[in-house]
Amino acid sequence: MEWMGLNEIREKYLSFFESKGHLRLPSFSLVPQGDKSLLLINAGMAPLKKYFTGELTPPRKRVTTCQKCIRTPDIERVGITARHGTYFEMLGNFSFGDYFKQEATHWAWEFCTEVMKMPKDKLFVSVYLDDDEAYDIWTKDIGVAPDHMVRLGKEDNFWEHGAGPCGPCSEIYFDRGEKYGSPDCKVGCDCDRYVEFWNLVFTQFENDGNGNYTRLKNCNIDTGMGLERLACIMQGVDNLFEVDTVQNIMKHVIDIAGVKYHDNEKNDVSLRVITDHIRSTTFMIGDGVMPSNEGRGYVLRRLLRRAARHGRLLGIKGTFLYKVCETVIRENADAYPNLVEKHDLIVKVIKAEEESFNKTIDTGLTVLENLIATSGSKQLSGADAFKLQDTFGFPIDLTKELLAEKGMTVDVAEYDRLYA
């Protein structure tokens, strides 16, 4: 297994599935089209849902994509851990009523062992508890050793979201060795030894919403593999912040701040926050999202302001994020040419948002620090939090984060009543 750059991995994956008769589609926009259930695209199959449901006819029955995605439920954890991030890319190959388990599993194994040249003894596979068909394909047809196979229950290996198409999954894991766990660790435990990097969903049933399953006339394949996670394996690094293209973004921040990574934990948190958030915001603006106080525009504003504040914690004076976005664009230029096309707009929007935030943050910080110092409680009133936002433009999320650092909370219920 040889070291391989993230951009090279992406191209090898897409080219491989093109050779298997798949149509390569460019990444869809992060802004969902005709889907009001999502604020931002958060999974590789999300833009393809109408092909799976039959509402739209796919351009070909076999499709492959590398989809940019954003997930923000764990935004408060980003930076604190080296695992969490808001932006990622999802590799996928899809079949709309064409091939099924036999081809999907064979091609996944071929890609892992022949293209990526992963050692077979490091690969483990899980199947759904009752999916004997998948188990037999992996063991009898492909030749995976039974002691490298695991059967898991519904929570781990069955994909469904209420009523609608659903089915069992099969996941591929890479064993990183005992130093990341112990000799007693096994697939499915919470340690860092076995990394799940590819999920093959065999959509073969229709759930009527009452737990009754009927076999679909046309079964589908929906796979998802995190590009950054695969890059971690191929590059022998522990987390996404050490992957080549992401690390190059962090190095730009390091150069501006004049600090080192792995030298100070507080600085490391800030470096990770900035690196992750500038990736997300650069791509969001490239797809037409503009800063605002609601919806996806607020997500963008929140990410930018959180990154700007962590720049201050690193001792960076003035605006700087608009400079770092240049590296994001450069590292992704070949795969996402729209970033190059929108270069000037992206830089302009980020710089303007930074300048606006810098005008309000100092006053807001001073007011909040005084409130904390004079508070006789571990909870800031909702009225004070509302005043910070309404008068000083100091966002509630930043207030919560700063209070949490002091072991305090905010009266959210009172804040919400005033804000409504």
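Structural notes, computed from the coordinates.

What follows is about the pattern of salt bridges. By the definition in use, this model includes 25 salt bridges. Note that K49 is salt-bridged to D35, the shortest N-O span being 2.9 Å. In this pair, K49 is assigned in helix 2 (residues 49-53) and D35 in the loop between strand 1 (23-24) and helix 2, connecting sequence segments 14 residues apart. By relative accessible area, K49 is classed as partly exposed at 29%. In this structure, D238 and R176 form a salt bridge, with 2.9 Å as the shortest nitrogen-oxygen distance. Of the two residues, D238 sits in the loop between helix 6 (227-235) and helix 7 (244-257) while R176 sits in the loop between strand 7 (164-175) and strand 8 (194-207), which places them 62 residues apart along the sequence.

Moving on to the pairing of strand 8. The buried fraction of strand 8 amounts to 11 of the 14 residues, a majority that puts the element mostly inside the structure. The pairing of strand 7 with strand 8 spans 10 bridges and is antiparallel. Bridged to S170 within strand 8 is L200. Across nine bridges, strand 8 lies against strand 9 (residues 213-226) in antiparallel orientation. Bridging from a neighbouring strand, T203 pairs with N220 of strand 9. The loop that links strand 8 with its antiparallel partner strand 9 comprises five residues; one of these, G209, has a positive phi angle of about 95°.

We now examine the packing of helix 7 against helix 8 (residues 265-286). In a packed pair of helices, the relevant descriptors are the angle between the two axes and the axis-to-axis distance. Running from N to C, helix 7 and helix 8 cross one another at 120°; their axes reach a closest spacing of 9 Å. Comparing the axis directions of helix 7 and helix 8 gives the class oblique. When you trace helix 7 past helix 8, the crossing you get is right-handed. Taken together, the residues of helix 8 that come into contact with helix 7 (itself represented by V246, I249, M250, V253 and I254) are L271, R272, I274, T275, I278 and R279. Considered class by class, the residues forming the contact of helix 7 with helix 8 number eight nonpolar, one polar and two charged.

What follows deals with the nonpolar core. Considering soluble globular proteins, one finds that nonpolar side chains tend to be buried as a cluster. In this structure, M118, W138, F197, W198 and L230 are the most contacted members of the largest nonpolar core, which totals 107 residues. Sort the elements by how many residues they give to this core and helix 12 (residues 343-374) lands first, with nine residues. What F197 contacts, discounting residues up to four positions off in sequence, is C112, M118, L123, I172, Y173, F174, G224, M225, G226, R229, L230 and I233. The next biggest cluster of nonpolar side chains, apart from the first, holds eight residues, and it includes L25, Y51, F52 and V63.

Attention now moves to the pairing of strand 7. Here strand 7 lies mainly inside the structure; 11 of its 12 residues are buried. Taking the residues that link successive antiparallel strands as the turn, the strand 6 (residues 158-159)-strand 7 hairpin has four residues, and the phi of G162 there is positive, at about 70°.

With that settled, consider the side chain of S170. Structurally, S170 can be placed in strand 7. We classify S170 as buried; its relative accessible area is 0%. Polar contacts involving the side chain of S170 include one to the main-chain carbonyl oxygen of S126, which spans 2.9 Å. Dropping the residues within four chain positions of it, S170 is found in contact with V125, S126, V127, W138, N157, W198, N199, L200 and F202.

Looking now at the state of the cysteines. One pass over the structure, following the stated rule, counts zero disulfides. Here C219 stays unpaired: no disulfide links it, and the sulfur of C166, its closest cysteine neighbor, is 11 Å away. Between C232, a free cysteine, and C66, which holds the nearest cysteine sulfur, the sulfur-to-sulfur gap is 15 Å.

Calculation rules
Residues numbered from 1 in each chain as written. Predicted model: local features only at pLDDT ≥ 70, side-chain atom pairs only at ≥ 80, totals over all residues. Heavy atoms only, no water. Salt bridge = Lys/Arg side-chain N within 4 Å of Asp/Glu carboxyl O. Helix = DSSP H or I, 4+ residues; strand = E, 2+ residues; numbered from the N terminus. Buried < 20%, exposed > 50% of the residue type's maximum accessible area, 1.4 Å probe, protein only. Pairing = 2+ DSSP bridges. Axes fitted to C-alpha atoms, helices over the stretch in contact; angles between N-to-C directions. Parallel < 35°, antiparallel > 145°, perpendicular 65-115°, else oblique. Left-handed = near helix turned anticlockwise from the far one by under 90°. Contact = heavy atoms within 4.5 Å. Nonpolar A, V, L, I, M, F, W, Y, C, P; charged D, E, K, R; others polar. Core = buried A, V, L, I, M, F, W, Y, C linked by side-chain atoms within 4.5 Å. Polar contact = N/O pair within 3.5 Å; in protein donor to acceptor, adjacent residues only side chain to side chain. Disulfide = S-S within 2.5 Å.

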